[in-house]
Number of protein chains: 2
Amino acid sequence: MESDWPMLSVGNLGEQGLLARLQQFCPSDVVGDDAAVLSSLQTADLVVTTDLLVDQVHFSDRTTPPHAVGWRAVAANLSDLAAMGATPIALTVGLGLPGETAVAWVEHLYQGMVDCLAQFGGQIVGGDLVRSPQRTLAITAFGQVQPDRVIRRSQAQVGDLIVVTGYHGNSRAGLELLLQPNHFAPIPSLEGDRWIEAHQYPRPRLDAIHQLGQRLAGDFTQNPKSFRIAGMDSSDGLADAVLQICRASGVGAELDYRKLPIDPSLARHFPDRAVEWCLYGGEDFELVLCLPPQIVHPFLDQFIAADNPGATIIGKIIAPPEVNLVDPQQLQAPQRLTLEKGFQHF
Amino acid sequence: MESDWPMLSVGNLGEQGLLARLQQFCPSDVVGDDAAVLSSLQTADLVVTTDLLVDQVHFSDRTTPPHAVGWRAVAANLSDLAAMGATPIALTVGLGLPGETAVAWVEHLYQGMVDCLAQFGGQIVGGDLVRSPQRTLAITAFGQVQPDRVIRRSQAQVGDLIVVTGYHGNSRAGLELLLQPNHFAPIPSLEGDRWIEAHQYPRPRLDAIHQLGQRLAGDFTQNPKSFRIAGMDSSDGLADAVLQICRASGVGAELDYRKLPIDPSLARHFPDRAVEWCLYGGEDFELVLCLPPQIVHPFLDQFIAADNPGATIIGKIIAPPEVNLVDPQQLQAPQRLTLEKGFQHF
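Scope of this entry: the structure provided in the associated data block.

Rules and cut-offs
Residues numbered from 1 in each chain as written. Chains lettered and ligands numbered in written order. Predicted model: local features only at pLDDT ≥ 70, side-chain atom pairs only at ≥ 80, totals over all residues. Heavy atoms only, no water. Pairing = 2+ DSSP bridges. Helix = DSSP H or I, 4+ residues; strand = E, 2+ residues; numbered from the N terminus. Axes fitted to C-alpha atoms, helices over the stretch in contact; angles between N-to-C directions. Contact = heavy atoms within 4.5 Å. Polar contact = N/O pair within 3.5 Å; in protein donor to acceptor, adjacent residues only side chain to side chain. Buried area = accessible area lost by both parts, 1.4 Å probe. Nonpolar A, V, L, I, M, F, W, Y, C, P; charged D, E, K, R; others polar. Least-squares fit on C-alpha atoms with pLDDT ≥ 70 in both. Phe/Tyr/Trp six-rings, centres within 6.5 Å; stacked < 30°, edge-to-face > 60°. Buried < 20%, exposed > 50% of the residue type's maximum accessible area, 1.4 Å probe, protein only. Parallel < 35°, antiparallel > 145°, perpendicular 65-115°, else oblique. Expected span 1.5 Å × (residues − 1). Left-handed = near helix turned anticlockwise from the far one by under 90°.

### As for the sheet that holds strand β3 (residues 87-97) of chain B
For step 1, the next point in the chain: Reading across from one edge, β1(A)-β2(B)-β5(B)-β3(B)-β4(B) is the order of the five strands in this open sheet, with mixed pairing throughout. The open sheet has two edge strands with one neighbour each: β1 (36-38) of chain A together with β4 (123-131) of chain B. Along the sheet, successive strands turn relative to each other by an average axial angle of 20°, direction set aside.
For step 2, the next point in the chain: Sheet analysis places β3(B) next to β4(B), joined by eight bridges and oriented parallel. Bridged to B:Val93 within β4(B) is B:Gly127.
For step 3, the next point in the chain: With respect to the sheet, helix α4 (residues 103-120) of chain B is in contact with β3, β4 and β5 (136-145) of chain B, its orientation differing from that of β3(B) by roughly 170°.

Quick look at the structure:
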């Protein structure tokens with residue numbers, strides 16, 4: 001595919017030629033009509049999420065090769081499905097391109113999308129291809145969930161434990177290394193590559209949803225109404241996720257400074273930044289869940305065995321509607337977390 | 001809403017403020033999670049379609065006020081659902097905006113979308129709001145259809161009659177009047193306004209799908225497998241629709257020059273352009289259907305009574321894989337239609 005890069009442009013190839021090349025990435029039975037038909041879901045609810053990504057705003061050639069742009073875009077949408085407790089079915093891709101875009105760029109983008117889908121589930125079932133002055137990618141993903149297993153932000157209750165999958169801050173560290181490769185003291189390539197991979201190739205935590213479903217199947221089969229898990233993904237940062245859940249649920253949270261899910265290497269190499277990146281860095285695409293204490297520990301045990309760095313209890317839900325970061329050793333002053341430090345799109 | 005136009009910009013208001021304003025356009029129970037949950041469809045298949053629309057490419061302040069941008073964008077997607085025989089359920093809206101965009105522009109856009117949905121069905125169930133150098137609108141619409149009632153391009157057979165809803169060419173005439181208001185001889189405002197409305201406020205032909213469903217319910221209840229209708233919408237032009245159906249079905253078509261569905265006023269005011277605009281103008285968002293002769297006439301009778309200009313038989317499907325426009329009075333030379341004259345996105 002590299003051979004014609006960057007000679008052949010989208011404008012040279014034309015719309016029909018580009019469509020023909022891109023159809024190889026879609027199942028053949030959904031190509032060619034005004035819309036795609038998906039067979040009925042029967043017993044599950046449909047979950048829908050959409051993202052718009054713009055060159056120079058959400059990605060750039062400087063930090064993200066086209067394969068990773070495609071992977072990340074799909075991963076972000078699948079992460080939103082996971083945050084609802086859903087598993088992926090399909091997605092649509094709207095693509096806006098300047099005529100001078102290399103065809104190879106577009107093919108790598110699609111390859112990244114289908115590689116992510118192949119690993120986590122779902123397929124591309126439709127799309128739109130238009131001219132645009134800025135490269136623009138619009139993805140809508142559909143998933144399914146049993147109606148009594150939906151995870152919502154608004155379901156946290158006082159006494160719930162707050163469980164977080166994975167490390168937080170690595171994606172931001174990777175982005176910083178990509179943006180300012182000579183700004184920092186040399187980082188061992190093992191760590192540097194891991195953080196860059198965390199930024200370019202995030203992994204939606206559908207594995208945690210799967211484990212949770214298995215774990216809870218026994219507990220809730222007798223009484224499905226008792227299912228209650230609050231949660232969301234940490235795409236806009238760990239602090240943002242906890243704050244959004246608390247706001248939607250009308251509760252507060254106390255987080256344990258010592259339990260923040262920071263990669264030990266990150267804390268070592270960036271002692272001044274690691275906590276900030278963990279709380280506010282964003283784009284780690286992990287899950288933040290609030291669970292009743294009686295189901296947390298069996299879930300954690302099972303989950304840690306299956307996946308490293310697994311999941312961590314970082315705090316608990318409290319009644320006062322504020323989110324505080326507290327150091328049990330009292331070496332750090334308590335800190336009140338706010339939405340203002342999170343990512344603002346405008 | 002006009003009172004703060006154009007002083008208050010999206011950048012001034014901020015993301016959270018704009019989101020709060022836009023949530024009034026969505027049902028309250030779908031706002032606030034990572035994704036929207038739609039109740040299960042049970043017996044129907046899910047139909048999905050997506051469009052990406054970019055300022056200066058697909059719309060502009062010169063020809064389309066924001067309310068009409070929203071209406072047209074929704075109408076185009078609902079038309080794709082109608083083309084599959086489906087009825088609308090919901091849609092998602094991805095919106096990319098420069099910070100200097102007037103908040104009132106965004107509110108008019110959303111009002112146009114919900115006005116179209118209120119008339120034809122469906123609701124906004126999710127979205128994304130991002131910064132973008134060019135105003136960009138990504139819509140994904142979902143509909144439902146009985147699995148044995150799907151309309152596809154590939155199902156035309158020799159002997160089918162080709163039925164077209166509505167007039168073709170009016171949308172293009174409206175666009176020309178908007179782009180070059182002083183270029184043409186004066187047009188009576190009755191006609192001019194009608195053509196501009198055809199361009200700005202197209203109406204997806206879900207009424208025809210509904211009538212077809214009612215008409216066919218009797219014929220096909222005994223033998224649902226016998227349902228076979230080929231079709232698509234005419235968003236890229238009438239000629240394009242016939243050509244696409246023929247290509248997908250491996251057949252050809254003969255169209256009757258005298259039956260082209262041209263608004264009589266259009267033919268009178270634009271005698272040199274009306275046929276070209278009818279065939280290649282595009283964006284009329286009508287339906288082009290291929291039906292077995294035995295069900296065409298009862299359908300047409302019922303349909304004409306319900307809606308003017310109703311539907312017209314414009315030709316028939318033939319075996320040779322070419323599409324010809326033929327004048328039965330032989331005053332016009334036969335003309336071979338090709339895809340090359342249609343709209344190319346690049």
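On we go from here.
### Some points on the side chain of B:Asn324
For step 1, the next point in the chain: Looking at where B:Asn324 falls in the secondary structure, it is placed in strand β11 (residues 323-326).
For step 2, the next point in the chain: Of the polar contacts made by the side chain of B:Asn324, one reaches the side chain of B:Glu322; its length is 3.0 Å.

### Topic: the interface of chain A and chain B
For step 1, the next point in the chain: Taken together, the contacts link 60 residues of chain A with 60 residues of chain B.
For step 2, the next point in the chain: When chain A packs against chain B, the two sides together hide about 5300 Å² of surface, and 58% of this comes from carbon and sulfur.
For step 3, the next point in the chain: At the surface where chain A touches chain B, the tally comes to seven residue pairs in polar contact (both at pLDDT 80 or more).
For step 4, the next point in the chain: Mapped by element, the contributors of at least two residues to the side of chain A that touches chain B are α2 (15-22), β1, β2 (45-54), α3 (66-83), β3 (87-97), β4 (123-131), β5 (136-145) and β7 (230-233) of chain A.
For step 5, the next point in the chain: At nine residues, the largest contribution of residues to the side of chain A that touches chain B is made by β2(A).
For step 6, the next point in the chain: Residue classes in the side of chain A that touches chain B are distributed as 27 nonpolar, 21 polar and twelve charged.
For step 7, the next point in the chain: Taken together, the three bridges between β1(A) and strand β2 (residues 45-54) of chain B define a ladder with antiparallel strand orientation.

### What about the relation of the copies chain A and chain B?
For step 1, the next point in the chain: The operation relating chain A to chain B is a screw motion whose rotation component is 180°, with 0.0 Å of axial translation and a residual RMSD of 0.0 Å. The superposition operator between the copies reduces to a two-fold rotation axis.
For step 2, the next point in the chain: A shared binding surface is used by both copies, with 100% of the interface residues of chain A retained as interface residues in chain B.

### Notes on the packing of aromatic side chains
Residue and element names in this part refer to chain A.
For step 1, the next point in the chain: Following the criterion strictly, the structure yields 15 aromatic pairs over all chains and no others.
For step 2, the next point in the chain: Arranged with centres 6.1 Å apart and planes meeting at 80°, the rings of tryptophan 71 and phenylalanine 120 form a pair that is edge-to-face. Here tryptophan 71, found in helix α3, pairs with phenylalanine 120, found in helix α4 (residues 103-120); they are 49 residues apart in sequence, far enough to count as distant. Accessibility classification places tryptophan 71 together with phenylalanine 120 in one group, the buried group.

### Considerations on unusual backbone geometry
All names here are of chain A.
For step 1, the next point in the chain: Here glutamine 56, not a glycine, exhibits a phi torsion of approximately 75°, which is positive.
For step 2, the next point in the chain: One can find glutamine 56 in the loop between β2 and α3.
For step 3, the next point in the chain: Its identity as a non-glycine residue notwithstanding, glutamate 283 has a phi of 65°, on the positive side.
For step 4, the next point in the chain: Assignment of secondary structure puts glutamate 283 in the loop between α10 (274-280) and β9 (287-291).

### Side note on the packing of helix α5 (residues 170-179) of chain B against helix α6 (residues 189-200) of chain B
Residue and element names in this part refer to chain B.
For step 1, the next point in the chain: In contact at an axis separation of 7 Å, α5 and α6 are set at 105° when each is read in the N-to-C sense. It follows that α5 is roughly perpendicular to α6 by the angle criterion. Contacts between α5 and α6 involve Asn170, Ser171, Ala173, Gly174, Leu175, Leu177 and Leu178 from the former and Gly192, Trp195, Ile196, Ala198, His199 and Gln200 from the latter.

### Concerning the environment of B:Ile162
Residues and elements named next belong to chain B.
For step 1, the next point in the chain: Looking at where isoleucine 162 falls in the secondary structure, it is placed in strand β6 (residues 161-165).
For step 2, the next point in the chain: Distance in space between the C-alpha atoms of isoleucine 162 and alanine 102 is 46 Å, their sequence separation being 60 residues.
For step 3, the next point in the chain: Not counting the four nearest positions on each side in its chain, isoleucine 162 is found in contact with Ala253, Leu255, Val288, Leu289, Cys290, Thr312, Ile313, Ile314, Gly315, Lys316 and Ile317.

### Points about the pairing of strand β10 (residues 311-318) of chain B
All names here are of chain B.
For step 1, the next point in the chain: Where β6 and β10 come together, five bridges link them in antiparallel fashion. What sits directly across from valine 163, in β10, is isoleucine 313.
For step 2, the next point in the chain: Across four bridges, strand β8 (residues 252-256) lies against β10 in antiparallel orientation. Counterpart to glutamate 254 in the pairing with β10 is lysine 316.

### Some thoughts on helix α8 (residues 238-249) of chain A
Residues and elements named next belong to chain A.
For step 1, the next point in the chain: The end-to-end C-alpha separation of α8 is 17 Å, in line with the 16 Å expected for twelve residues at 1.5 Å each.
For step 2, the next point in the chain: Most of α8 sits inside the fold, with ten of its twelve residues counted as buried.
For step 3, the next point in the chain: The complete set of buried residues in α8 reads Leu238, Ala239, Asp240, Ala241, Val242, Leu243, Gln244, Ile245, Cys246 and Ser249.

### A short note on the packing of helix α3 (residues 66-83) of chain B against α4(B)
Residue and element names in this part refer to chain B.
For step 1, the next point in the chain: In the contact formed by α3 and α4, the axes pass within 6 Å of each other and the chain directions differ by 40°. Judged by the angle between their axes, α3 and α4 are oblique. In the packing of α3 onto α4, the handedness of the crossing is right-handed. Of the residues in α4, those in contact with Pro66, His67, Val69, Gly70, Trp71, Val74, Ala75 and Leu78 of α3 are Trp105, His108, Leu109, Gln111, Gly112, Met113, Asp115, Cys116, Leu117, Gln119 and Phe120.
For step 2, the next point in the chain: Its residues assigned to classes, the contact of α3 with α4 comprises twelve nonpolar, six polar and one charged.

### A look at α3(B)
Residues and elements named next belong to chain B.
For step 1, the next point in the chain: For α3, with 18 residues, the first-to-last C-alpha span of 26 Å sits near the 26 Å given by 1.5 Å per residue.
For step 2, the next point in the chain: For α3, the buried fraction is high: 17 of the 18 residues fall into the buried class.
For step 3, the next point in the chain: Immediately beyond the C-terminal end of α3, within one or two residues, lies glycine 85, with a positive phi of roughly 85°.

### Brief notes about the pairing of strand β7 (residues 230-233) of chain B
Residues and elements named next belong to chain B.
For step 1, the next point in the chain: Because side chains alternate across β7, one face comprises the buried residues Ala230 and Met232, and the other comprises Gly231 and Asp233, equally buried.
For step 2, the next point in the chain: Direction of pairing for β7 relative to strand β9 (residues 287-291): antiparallel, over a ladder of four bridges. Bridge pairing in β9 places aspartate 233 opposite leucine 287.

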